[in-house]
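# Remarks on the overall topology
Residues per chain are reported as follows:
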Amino acid sequence: MQASQPAKSSLFSAAVIVAALGYFVDIYDLILFSIVRVESLKDLGITAPAEVTNQGLFLINMQMGGMLLGGILWGILGDKRGRLSVLFGSILLYSLANLANGFVQTVEQYAWLRLIAGIGLAGELGAGITLVSESLPKEKRGYGTMIVATVGVSGAMLGYWVGQKLGWRNAYFVGGGLGLALLLLRVSVFESGMFQQVQAQTAVVRGNFLSLFTNPVRLGKYLRILLIGVPLWFVVGILVTLAPEFGRALGLQGEVTAGLAVFWCYFGLVFGDFMSGGLSQLWHSRNKALKVFLVFCAVLVGVYLFGIKGASTTTFYAVCFVLGMSVGFWALFVTVAAEQFGTNLRATVATTAPNFARGAVVGLVPAFKYLSGELGFLTGAAVLGGITLVLAFWAVSTLPESYGKDLDYVE
């Protein structure tokens, strides 16, 4: 076990820098499949457009299913063994899985490796945000997590560039290599002092995932936190990942590529995460900033689905950029998750919450298929998006404010 972090760390401490770089590699690997989906499946012999869509959704579900499993695994380990153990273990697993992804020859191999990669990818963000939140003074927490997210989401843009220039197999090799290189930087990071204090208290139960469901107050907070993150993955997992299909449904003047749609969406996310984190600090309110961004997102979903029919692909990508800005409350969402619970459950919540929100794609995909079959491609997406946004807004409105909260306590 490494020595504990100093009580008051700098905003640009090793913990913040390494968490930011770790999330950068995490997002690169997480979103890479969406970028290379069409190219990789065609290279594996899947050429019919409908089959590319169906197999692509299957592989996304495998990756997201892995993240659901990994979220629970790494969250519990983060509270039982420490934040650093998760940072090391998760990045090692997903790095090796992504290296192996570069060698796949069948869709079945692809699917199992996306599952394993998903399990690995599940640990990075929650452990990093938890460590940063516990290492910084409460007045600076929002700035620290803002830096982590702003740097991290830009990994998607590197993924697009590498995928375009080097091909899909080499893109997986690069992602795995970046992850392994990052392990060398982890030696400079200290364990959370708050965690070590709780670890020394043998009477305190740590990482009890089931305890979230046995106490009505904890369960209510946890479920509301999960609902806040779902709209982002509706946008990324449905609207942006299926951008070529939406482009055809909108009758756009030209062919849309998923990789470029993801690039512009995540470029927008960089600015959105910076703005949402900054506003929550400026207004001294996480909830107020979240509400503003959820309304912003609702407007942009409407523009995406009904405001650009017959437009140029340039207009479409511009809307993807602003749509990405509107869901740039991801870091704020994970920060709120970390701030709502005590030290003995904080990593469990901060790790499971974003992964359960990401894993919501597993449920969103069949719901979208059903609604689009009943109501049409665009209207079905609008109904599904509306449901996720209304539930998220309600969740924020009923969740206790957490800005400036003292985190040195246990459940």
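Residues numbered from 1 in each chain as written. Predicted model: local features only at pLDDT ≥ 70, side-chain atom pairs only at ≥ 80, totals over all residues. Heavy atoms only, no water.

Let us look at unusual backbone geometry. Phi at His 284 is positive, roughly 55 degrees, even though this residue is not glycine. With respect to the secondary-structure elements, His 284 resides in the loop between α13 (258–282) and α14 (286–306). (Helix = DSSP H or I, 4+ residues; strand = E, 2+ residues; numbered from the N terminus.)

Within this structure, the stated rule accounts for zero disulfides. With no disulfide of its own, Cys 265 lies closest to Cys 320 among cysteine sulfurs, the gap being 6.7 Å. Of the residues examined, Cys 265 reaches a relative accessible area of 0% and is grouped as buried. Of all cysteine sulfurs in the structure, the one in Cys 265 sits closest to Cys 297, which takes part in no disulfide; the separation is 9.6 Å. Residue Cys 297 is classed as buried on the basis of its relative accessible area, which comes to 1%. (Disulfide = S-S within 2.5 Å. Buried < 20%, exposed > 50% of the residue type's maximum accessible area, 1.4 Å probe, protein only.)

Let us now look at the packing of helix α11 (residues 216–240) against α13. Their axes nearest at 10 Å, the elements α11 and α13 cross at an angle of 160 degrees. The angle between the axes of α11 and α13 places the two elements in the roughly antiparallel class. Considering the relative orientation of α11 and α13, their crossing is right-handed. Facing Leu 232, Trp 233, Val 236 and Val 240 of α11, the residues of α13 in contact are Ala 261, Val 262, Cys 265, Tyr 266 and Leu 269. (Axes fitted to C-alpha atoms, helices over the stretch in contact; angles between N-to-C directions. Parallel < 35°, antiparallel > 145°, perpendicular 65-115°, else oblique. Left-handed = near helix turned anticlockwise from the far one by under 90°. Contact = heavy atoms within 4.5 Å.)

This brings us to the confidence of the model for the chain. Across the chain, the average pLDDT comes to 89, with 97% of residues at 70 or higher. Here residues 1–7 is a poorly scored stretch, pLDDT under 50, and it has 25 contacts once near neighbours within four places are set aside; other chains count. (pLDDT = per-residue confidence, 0-100.)

To continue, consider the nonpolar core. Core analysis: the largest hydrophobic core is formed by 136 residues, its most contacted members being Trp 233, Leu 239, Phe 246, Tyr 266, Tyr 304 and Phe 316. With 16 residues, the single largest contributor to this core is helix α1 (residues 14–43). Residue contributions to this core reach at least three from each of two domains, namely domain 1 (11–188) and domain 2 (208–410). Once residues within four sequence positions are removed from consideration, Tyr 266 is found in contact with Ile 27, Ile 31, Val 153, Ala 156, Trp 233 and Val 236. (Core = buried A, V, L, I, M, F, W, Y, C linked by side-chain atoms within 4.5 Å. Domains from an automatic or database assignment.)

Bring the parts together and some accessible area is lost; that lost area is often taken as the interface size. Taken domain by domain, the chain consists of domain 1 (11–188) and domain 2 (208–410). Averaged C-alpha coordinates put domain 1 and domain 2 at centres separated by 18 Å. Between domain 1 and domain 2, the residue contacts involve 50 residues of the former and 50 residues of the latter. When domain 1 packs against domain 2, close to 4,300 Å² is buried across both sides, 68% of that on carbon and sulfur atoms. In this structure, the connection of domain 1 to domain 2 is made through three salt bridges. Among the salt bridges present, the one from Arg 141 reaches Glu 339, with a minimum N-O distance of 2.9 Å. Seen at the junction of domain 1 and domain 2, the total is 14 residue pairs in polar contact (both at pLDDT 80 or more). Elements with a minimum of two residues in the side of domain 1 that touches domain 2: α1, α2 (49–80), α5 (124–135), α6 (141–153) and α7 (155–166). Sorting elements by how many residues they give to the side of domain 1 that touches domain 2 places α2 first, with 16 residues. Considered class by class, the residues forming the side of domain 1 that touches domain 2 number 25 nonpolar, 16 polar and nine charged. (Buried area = accessible area lost by both parts, 1.4 Å probe. Salt bridge = Lys/Arg side-chain N within 4 Å of Asp/Glu carboxyl O. Polar contact = N/O pair within 3.5 Å; in protein donor to acceptor, adjacent residues only side chain to side chain. Nonpolar A, V, L, I, M, F, W, Y, C, P; charged D, E, K, R; others polar.)

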